Amino acid sequence: MSDVERIMQLVKDKDPGEREFHQAVSEVMESVAPILDRYPEYRHQRVLERLVEPERVILFRVPWVDDAGQIHVNRGFRIEMNSAIGPYKGGLRFHPSVNLGILKFLAFEQVFKNSLTTLPMGGGKGGSDFDPKGKSDLEVMRFCQSFMAELFRHVGANTDVPAGDIGVGAREIGYLFGMYKKLRNEFTGVLTGKNLGWGGSLIRPEATGYGCVYFASEMLATRNQTLEGKTCLVSGSGNVAQYTVEKLLDLGAKPVTLSDSSGFIYDDAGLDREKLAFVKQLKNVRRGRIKEYSEKFKTSVYTEIRPDMTHNPLWDHKANCAFPCATQNEINGQDARNLIKNGVYLVAEGANMPTIPEGVDLFIEHGLLYGPGKAANAGGVSVSGLEMTQNSMRLAWTREEVDQRLHMIMKSIHKTCVEASEQAGKPGNYVVGANVTGFLKVVDAMIDQGVV
Ligand code: NDP
Ligand code: 2IT
């Protein structure tokens, strides 16, 4: 039995229902398997078996009271996946779809992503099946307080440092931080993505989107091209999508789409600063639906996305580049074929694992510049790492300084991926480049630290 088959059998036997976790493990195993033939020590050390078993999983009850006095119970999680190269680090997701398998896939990806950033961060992820949509600020606050009333025992500035992800932004981080501080009587950098006035970093809100576009620019530069004048499809309309659009506009590209879980808008004239400001107000302040964009801007059309659709028509428009920034598995095989047919030759993933394996294979087969999430969206966690540094030093860097560091990190991730892909005999394959680079640093640290 090959290493890949052995590990896949192991994870499927142990955790049969965790589809997304199996998908993430399978991709990494395919990339790193050839290394085990060259360095049998890794097999002897059982590094693959150790990597797929979280160091610790915390699962807890989160009871809270709504504005009408009704009691609700949600489930809270924190997956402490790997701490070989630093404290556990990774976001919290609040979304009704959250379950153990989804958070394990995200925590697993985070281990390799964080390793790629070159900063000292292990990998973790957490969250809840709580749905913040339609809840009042006070309900969200009570939920966050209840969530932290358990989580505070397990996290800490040198132990495990959560941040935002889907459904968790500055508001939620504020409520979580307040409760941690009250329970511990300590003002420390236990969370990142904090607001500026109390320990947050400039550029953290922008970091994932900006970083993703910096990574795309680096990929294009390998073909002597820039983003100027490129038509870009962007999905999502949350934190990552908004700042992807902002940086695309900075660089002279033309973003034409945005989406949420109900549907998407296609704007033939392209988004501009004014339209983006409307989206930020709509999504971050009024917490409304993207449909409103098409009511406001007549150059755009809205298309509803229904669960019975076999493909997502957002990906079926003529364009040069695609930036999936919503959620996992949002590009299926048919979507990938449509993108290729429509002339898209660059895909940079702002979201985590947005493309199903068939789509990834198609992109690589057809020679697209394909930047997988763990490389292309590493800018967010990188600036979280820089926020931790600033908190430890008790000082704050300027916007220019943080942005410059972010840009350097994204360039360095790109270069490392290209070099590793060449060494692996798969030049230009950023999936192999990212997985191999992320893997080697983590497993070498694990071996140095013994069987623990
Ligand atoms: P937000 O909550 O700010 O925005 C999420 C967006 O995606 C919303 O537009 C949301 O629509 C849409 N969406 C969420 N779930 C689904 C779904 N099941 N189907 C269709 N659309 C959906 O989250 P972020 O922008 O922070 O995160 C987006 C992606 O980027 C995620 O994959 C996340 O893991 C990844 N990421 C985030 C980082 C960060 O720093 N925030 C860093 C690296 C990666 P709706 O409003 O209808 O729910
Ligand atoms: O997926 C991710 O990298 C994030 N949600 C950000 C994690 C972080 O710790 O900033």
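Residues numbered from 1 in each chain as written. Chains lettered and ligands numbered in written order. Predicted model: local features only at pLDDT ≥ 70, side-chain atom pairs only at ≥ 80, totals over all residues. Heavy atoms only, no water.

Asker: So what's going on with the pairing of strand 4 (residues 123-128)? Which residues, and what values?
Answerer: In summary, the side chains of a regular strand alternate between the two faces of the sheet. With six of six residues buried, strand 4 is to be regarded as a mostly interior element. By the alternation rule, side chains of strand 4 split into Gly123, Lys125 and Gly127 and Gly124, Gly126 and Ser128, which are all buried. Across six bridges, the pairing between strand 2 (residues 71-82) and strand 4 is antiparallel. Of the residues in strand 4, the one forming a bridge with Glu80 is Gly124. Chirality of the crossover, the property in question, places the unit of strand 3 (residues 88-94), helix 5 (residues 100-116) and strand 4 among those that are right-handed. (Buried < 20%, exposed > 50% of the residue type's maximum accessible area, 1.4 Å probe, protein only. Helix = DSSP H or I, 4+ residues; strand = E, 2+ residues; numbered from the N terminus. Pairing = 2+ DSSP bridges. Right-handed = clockwise from strand over helix to strand, strands pointing away.)

Asker: Which residues make up the site of ligand 1, and what values go with them?
Answerer: Inspection of the region around ligand 1 gives 26 residues, with Asp165, Thr208, Ser261, Arg289 and Asn352 positioned closest. The separation between an oxygen atom of ligand 1 and a polar main-chain atom of Ser237 is 3.0 Å. Here an oxygen atom of ligand 1 and a side-chain polar atom of Ser261 are 2.4 Å apart. For ligand 1, the protein covers 83% of the area, taking 890 Å² as the surface of the free molecule. Elements with a contribution of two residues or more to the shell around ligand 1: helix 8 (204-221) and helix 9 (239-250). (Near = heavy atom within 4 Å. Polar contact = N/O pair within 3.5 Å; in protein donor to acceptor, adjacent residues only side chain to side chain. Areas by Shrake-Rupley, 256 points an atom, 1.4 Å probe, with all protein chains shown as cover.)

Asker: If you had to explain the pairing of strand 2 to someone new, which residues and values would you point to?
Answerer: Bridge count between strand 1 (residues 56-65) and strand 2: ten bridges; the pairing is antiparallel. What sits directly across from Arg56, in strand 2, is Glu80. The turn linking strand 1 back onto strand 2 is made up of five residues, and Gly69 within it adopts a positive phi angle of 90°.

Asker: Outline the nonpolar core, listing residues and values.
Answerer: Among soluble globular proteins, nonpolar side chains are generally buried collectively. Counting 54 residues, the largest nonpolar core has Leu227, Leu258, Phe323, Leu346 and Ile413 as its most contacted members. Take this core: its biggest share by element is nine residues, from helix 8. Residues within four places of Leu346 in sequence aside, it is in contact with Ala216, Met219, Leu220, Asn320, Cys321, Ala322, Phe323 and Leu369. Core analysis: the next-biggest nonpolar cluster, separate from the first, contains 40 residues, Phe21, Leu48, Phe77 and Ile85 among them. (Core = buried A, V, L, I, M, F, W, Y, C linked by side-chain atoms within 4.5 Å. Contact = heavy atoms within 4.5 Å.)

Asker: Run through the packing of aromatic side chains, naming residues and quoting values.
Answerer: According to the stated counting rule, one finds 21 aromatic pairs in the structure shown. On the numbers, 5.8 Å between centres and 70° between planes, the contact of Phe215 with Tyr430 is edge-to-face. Residue Phe215 is found in helix 8, and its partner Tyr430 is found in helix 17 (residues 430-448); the two are separated by 215 residues along the sequence. Look at Phe215 and you get buried, because its relative accessible area is 0%. Grouping aromatic residues by their ring pairs yields a cluster made of Phe60, Trp64, Phe94, Phe130, Phe143 and Phe147. The positively charged end of Lys247 is found above the aromatic ring belonging to Tyr210, 4.4 Å away from the centroid. Across from the ring centre of Trp397, 4.1 Å away, lies the NZ or CZ of Arg405, which sits over that ring. (Phe/Tyr/Trp six-rings, centres within 6.5 Å; stacked < 30°, edge-to-face > 60°. Lys NZ or Arg CZ within 6 Å of the ring centre and 35° of its normal.)

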